[in-house]
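# Secondary and tertiary structure notes
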Amino acid sequence: MKLIIRWLLLACALVLLTQLDPGIQIRSFGSAMWAAFVIGLLNAFVRPLLILFTLPVTVLTMGLFLFVINAFTFQLASHMLEGFQVQGFWHALLGSVLYSVCSLVIDVALERLMGPRFMPPPQ
């Protein structure tokens with residue numbers, strides 16, 4: 001249940017991003033739900049590989065290159081979906097940073113309201 005609520009709230013965060021940044025467009029709330037799903041999959045599977053391959057650059061930039069990786073995955077999701085469009089790198093960078101902040105706020109709020117992610121079994 002918590003996963004579904006998080007998914008819906010992240011889709012709402014994407015819709016909010018369209019109001020804050022004119023370079024990000026979402027056709028409908030359904031498109032926002034798909035975009036949140038695809039961004040989650042990319043962050044789970046593609047982002048760790050990108051971090052591994054770019055580790056020397058990330059170390060040299062003291063971690064700042066992670067912002068570029070986040071922007072890339074955000075823009076990659078845009079290229080994969082029709083109803084979600086990001087106009088360029090700078091909009092992707094701003095969108096990924098704001099989306100990450102929204103995700104952090106949502107995760108903290110859900111943890112406080114619904115308890116930890118994995119609760120130990122009752123004894």
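So, a few notes on the structure that sits alongside this text. All chains use their own residue numbering, which begins from 1 and follows the written sequence. Predicted model: local features are reported for residues with pLDDT of at least 70 only, side-chain atom pairs are reported and counted for 80 or more only, and whole-chain, interface and lining totals are derived from all residues. Side-chain measures were taken over the full set of non-hydrogen atoms in the model, leaving aside hydrogen atoms and water.

## Brief notes about the environment of Val 97
Numbered from the N terminus, helices here are DSSP runs of H or I no shorter than four residues, and strands are runs of E no shorter than two. When you line up the elements, Val 97 lands in helix α5 (residues 89-114). Look at Val 97 and you get partly exposed, because its relative accessible area is 31%. Along the chain, Val 97 and Phe 74 lie 23 residues apart, while their C-alpha atoms are 9.7 Å from each other. When a residue's accessible area, from a 1.4 Å probe over protein chains only, is under 20% of the maximum for its type it is buried; when over 50% it is exposed; and in between it is partly exposed.

## Digging into the side chain of Gln 75
Summarising the element assignment, Gln 75 is placed in helix α4 (residues 65-80). Since its relative accessible area comes to 17%, Gln 75 is described here as buried. Throughout, a contact is declared for two residues whenever any of their heavy atoms are within 4.5 Å. Setting aside anything within four residues of it in sequence, one finds Gln 75 in contact with Val 86, Gly 88, Phe 89 and Ala 92.

## With respect to the packing of helix α1 (residues 2-20) against helix α2 (residues 29-53)
Angles shown run from 0 to 180 degrees and are taken between the N-to-C directions of axes, each axis being a line fitted to C-alpha atoms and, for helices, limited to the stretch in contact. Running from amino to carboxyl end, α1 crosses α2 at an angle of 110°, the nearest separation of the two axes being 8 Å. In terms of orientation, α1 and α2 fall into the roughly perpendicular class. Read as a crossing pair, α1 and α2 show a hand that is right-handed. For the pair α1 and α2, contact is made by Trp 7, Leu 8, Leu 10, Ala 11, Cys 12, Leu 14 and Val 15 and by Phe 29, Ala 32, Met 33, Ala 35, Ala 36, Phe 37 and Ile 39, respectively. Of the residues assigned to the contact of α1 with α2, the class counts are 14 nonpolar, no polar and no charged. Working rule for angles: under 35 degrees goes down as roughly parallel, over 145 as roughly antiparallel, 65 to 115 as roughly perpendicular, anything else as oblique. What makes a crossing left-handed is the near helix being turned counterclockwise from the far one by less than a right angle; a clockwise turn instead makes it right-handed. Residues are grouped as follows: nonpolar covers Ala, Val, Leu, Ile, Met, Phe, Trp, Tyr, Cys and Pro; charged covers Asp, Glu, Lys and Arg; every other residue, Gly included, is treated as polar.

## Brief notes about the pattern of salt bridges
Salt bridges are counted wherever a side-chain nitrogen of Lys or Arg sits within 4 Å of a carboxyl oxygen of Asp or Glu. For the structure on display, the rule yields one salt bridge. The salt bridge partner of Arg 6 is Asp 107, with a shortest N-O separation of 2.5 Å. Separated by 101 residues along the polypeptide, Arg 6 in helix α1 and Asp 107 in helix α5 bring together distant segments of the chain. Judged by its relative accessible area of 24%, Arg 6 falls in the partly exposed class. Judged by relative accessible area, which is 22%, Asp 107 ranks as partly exposed.

## A few points about the packing of aromatic side chains
What counts as a ring pair is set by centres within 6.5 Å for rings of Phe, Tyr and Trp (its six-membered ring), and what kind of pair is set by the plane angle: stacked under 30 degrees, edge-to-face over 60, tilted for all other angles. All chains considered together, the criterion is met by five aromatic pairs. Ring centres 5.1 Å apart and planes at 75° place the aromatic pair Phe 89 and Trp 90 in the edge-to-face group. Of the residues examined, Phe 89 reaches a relative accessible area of 34% and is grouped as partly exposed. For Trp 90, a relative accessible area of 66% puts it in the exposed group. Put simply, the rings of Trp 7, Trp 34 and Phe 37 pair up and form one aromatic cluster.

## Side note on the side chain of Ser 96
Position of Ser 96 relative to the elements: it lies in helix α5. Residue classification places Ser 96 among the buried residues on the basis of a relative accessible area of 4%. A distance of 2.9 Å separates a polar side-chain atom of Ser 96 from the backbone oxygen of Leu 93. Residue contacts for Ser 96: discarding those within four places in its chain leaves Phe 67, Asn 70, Ala 71 and Phe 74. Here a polar contact is taken to be a pair of N or O atoms separated by no more than 3.5 Å, where protein atoms must pair a possible hydrogen donor with a possible acceptor and residues adjacent in sequence count only if both atoms sit in side chains.

## Concerning α4
Compared with the 22 Å implied by 1.5 Å per residue over 16 residues, the 23 Å span of α4 between its first and last C-alpha is a close match. Within the sequence span of α4, burial applies to Ile 69, Asn 70, Ala 71, Thr 73, Phe 74, Gln 75, Ala 77 and Ser 78. Turning to α4, the residues buried within the fold contact α1, β1 (24-26), α2, β2 (84-86) and α5. Take the number of residues in a helix, subtract one, and multiply by 1.5 Å to get its expected span.

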